[in-house]
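Close look at the chain arrangement
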Amino acid sequence: VRPDTQELFFYRTDSPLDKYVASQGHILRTLFRNYNTGEGKDVSGLPVQDMCAGINAIFGEKERSSAMYSVIHSRALEGEPDYRLLGAIARRSGCDPMAALEMKPRYIKKILRPLGMMKNPIVFITDGQNSEVLDRLLADPEIGPMIRTVPEGASWVGGDLTLALMANAFIGNPASTFT
């Protein structure tokens, strides 16, 4: 039996939370033990990229394992189905759907300040569809100086995903599959 994409997306485990977290931790550790170093070709025959390209570009290979940072993932939604999904997730979770799209400085500070993360770098990753989000954050006197963007040559979905997974705090759109 093979689940389809929708079944995987909406999967809910019956396991207790501690067992679920442990199984997810095992999966992530396995992935990182066998991460893609940028050598070889993908299934389409194209050269693969290094999963650590983004984190290395921002923090360097020596500092990446000890870097304390947050990630903001700005993601635009594409069409009515995405907005319906965000609305359903917002109702179930209690999150504000517009805040997750707009990523205004006040919203970011309300999340990062209690975590003690306002003095650490904030890495901004995006699908590139809404430059206003980054402009707003850069204009904020508290957040702007902390923003780091991934250089163009190092930004790709795998590298951005590694940055997000390794972050001490992650702020993203709950309707995004990336989140």
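Just above sits the structure.
The following refers to the structure shown. Given the structure is predicted, the values throughout are model-derived calculations rather than measurements. (Residues numbered from 1 in each chain as written. Predicted model: local features only at pLDDT ≥ 70, side-chain atom pairs only at ≥ 80, totals over all residues. Heavy atoms only, no water.)

Some remarks on the overall build of the protein
On a plain count of helices and strands, the protein comes out with 8 helices and 4 strands. Each helix and strand of the protein, placed in order from N terminus to C terminus, yields the pattern α-α-α-β-α-α-α-β-α-β-α-β. By the compact-globule yardstick of 16 Å for 179 residues, the protein fits well, its C-alpha radius of gyration being 17 Å. Seen through its C-alpha atoms, the protein measures out along the principal axes to roughly 50 × 40 × 35 Å. Taken across its 179 residues, the protein has 36% of its residues classed as buried. The long-range fraction of contacts in the protein, counting pairs at least 24 apart against all pairs at least 6 apart in sequence, stands at 73%. Of the roughly 11500 Å² that the protein leaves accessible, carbon and sulfur atoms contribute 54%. Mean positive and mean negative side-chain charge positions of the protein (20 and 21 charges, respectively) differ by 7 Å. (Helix = DSSP H or I, 4+ residues; strand = E, 2+ residues; numbered from the N terminus. Rg over C-alpha atoms; globule rule 2.2 N^0.38 Å. Buried < 20%, exposed > 50% of the residue type's maximum accessible area, 1.4 Å probe, protein only. Contact = heavy atoms within 4.5 Å. Areas by Shrake-Rupley, 256 points an atom, 1.4 Å probe, with all protein chains shown as cover. Lys, Arg positive; Asp, Glu negative; His and termini not counted. Charge placed at Lys NZ, Arg CZ, Asp CG, Glu CD.)

Here we look at the environment of A57
Relative to the helices and strands, A57 is located in helix α3 (residues 53–63). Since its relative accessible area comes to 40%, A57 is described here as partly exposed. Along the chain, A57 and S155 lie 98 residues apart, while their C-alpha atoms are 9.2 Å from each other. Excluding residues that lie within four positions of it along the chain, A57 makes contacts with P151 and A154.

Topic: the pairing of strand β1 (residues 70–74)
By the criterion of burial, β1 is predominantly enclosed, with 5 of the 5 residues buried. On β1, burial covers both faces: S70, I72 and S74 on one face and V71 and H73 on the other are all buried. Summarising the sheet, β1 and strand β4 (residues 169–171) pair through 3 bridges and their orientation is parallel. Paired with V71 across the bridge in β4 is F170. (Pairing = 2+ DSSP bridges.)

Section: the sheet that holds strand β3 (residues 147–149)
Within a beta sheet, neighbouring strands are joined by backbone hydrogen bonds and run either parallel or antiparallel to one another. Ordered in space as β3-β2-β1-β4, the 4 strands form an open sheet in which the pairing is parallel. Looking along the sheet, the strands with just one partner apiece sit at the ends: β3 and β4. Averaged over all pairs of adjacent strands, the angle between strand axes in this sheet comes to 25°, irrespective of strand direction. As defined by bridge partners, β1 adjoins strand β2 (residues 122–126) across 5 bridges and the pair is classed as parallel. If you follow V71 over to β2, its bridge partner there is V123. On the sheet, helix α7 (residues 131–139) packs against β1, β2 and β3 and is oriented at approximately 145° with respect to β3. (Axes fitted to C-alpha atoms, helices over the stretch in contact; angles between N-to-C directions.)

A look at unusual backbone geometry
Here the phi dihedral of M103 falls at roughly 50°; this positive angle occurs in a residue that is not glycine. Its relative accessible area of 0% is what places M103 among the buried residues.

Considering the pattern of salt bridges
On inspection of all chains with the given rule, the structure shows 4 salt bridges. Residue K104 pairs with E102 through a salt bridge whose shortest N-O separation is 3.7 Å. Note on K104: relative accessible area 41%, which makes it partly exposed. For E142, the salt bridge identified is with K109, shortest N-O distance 3.3 Å. Note that E142 is positioned in the loop between α7 and β3 and K109 in helix α6 (residues 105–112), a separation of 33 residues in sequence. Connected via shared salt-bridge partners are K109, R113, D140 and E142. (Salt bridge = Lys/Arg side-chain N within 4 Å of Asp/Glu carboxyl O.)

Concerning the environment of D50
Mapped onto the elements, D50 comes out in the loop between α2 (17–33) and α3. D50 sits 92 residues away from E142 along the chain, and the two C-alpha atoms are 32 Å apart. Here C52 takes part through its backbone nitrogen, which lies 2.8 Å from a polar atom of the side chain of D50. (Polar contact = N/O pair within 3.5 Å; in protein donor to acceptor, adjacent residues only side chain to side chain.)

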